[in-house]
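Structural features, examined
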Amino acid sequence: MSNVLPFRPRPPVTRLARCEVVTVAGDMLNLLEQLEDVSARAAAMGRPALEVERTVQHLLDAVSAVERALDCIGEGEQSAPA
């Protein structure tokens, strides 16, 4: 038995319509709110300090990653379509 999962081929991605981009950006903003909420709750956990610190740091890293992704979407009109 193998624990390797094959990737399914994806259909070619065409240029996203503006409404799809707005929907994705909205979903990402909702995700940001959820990550910030979870970060606040994780900071208040009654766990060992090092565990809480690492957990919150990883969540803040995720917030930063989502923010960078939103920046990329925001720059979409400035770059030529792929």
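Residues numbered from 1 in each chain as written. Predicted model: local features only at pLDDT ≥ 70, side-chain atom pairs only at ≥ 80, totals over all residues. Heavy atoms only, no water.

Points about the overall build of the protein chain
What the protein chain contains, in helices and strands, is two helices and zero strands. Burial status across the protein chain gives 15% buried among its 82 residues. Taking all contacts inside the protein chain whose residues are at least 6 apart in sequence as the whole, residues at least 24 apart take part in 64%. When the accessible surface of the protein chain is summed, it comes to about 7,200 Å², and 59% of that surface belongs to carbon and sulfur atoms. (Helix = DSSP H or I, 4+ residues; strand = E, 2+ residues; numbered from the N terminus. Buried < 20%, exposed > 50% of the residue type's maximum accessible area, 1.4 Å probe, protein only. Contact = heavy atoms within 4.5 Å. Areas by Shrake-Rupley, 256 points an atom, 1.4 Å probe, with all protein chains shown as cover.)

Some thoughts on the side chain of Ser39
Relative to the helices and strands, Ser39 resides in helix α1 (residues 18–43). Side-chain polar atoms of Ser39 contact the backbone oxygen of Leu35, separated by 2.8 Å. Not counting residues up to four positions away in its chain, the partners in contact with Ser39 are Val56, Leu59 and Leu60. (Polar contact = N/O pair within 3.5 Å; in protein donor to acceptor, adjacent residues only side chain to side chain.)

Notes on the environment of Met45
Within the secondary structure layout, Met45 lies in the loop between α1 and α2 (49–74). For Met45, a relative accessible area of 32% translates into the label partly exposed.

A word on the nonpolar core
Counting residues in each nonpolar core, the largest one holds eleven residues, listed as Ala25, Met28, Leu32, Leu35, Ala42, Val52, Val56, Leu59, Val63, Val66 and Leu70. For this core, the elements supplying multiple residues, two or more each, are α1 and α2. In terms of residue count, the dominant contributor to this core is α2 (six residues). (Core = buried A, V, L, I, M, F, W, Y, C linked by side-chain atoms within 4.5 Å.)

A short note on the packing of α1 against α2
Put simply, α1 and α2 touch, their axes get as near as 9 Å, and they point 165° apart. By the angle class used here, α1 and α2 are roughly antiparallel. Regarding α1 and α2, the two cross each other, and that crossing is left-handed. For the contact of α1 with α2, the residue count by class is 21 nonpolar, two polar and two charged. (Axes fitted to C-alpha atoms, helices over the stretch in contact; angles between N-to-C directions. Parallel < 35°, antiparallel > 145°, perpendicular 65-115°, else oblique. Left-handed = near helix turned anticlockwise from the far one by under 90°. Nonpolar A, V, L, I, M, F, W, Y, C, P; charged D, E, K, R; others polar.)

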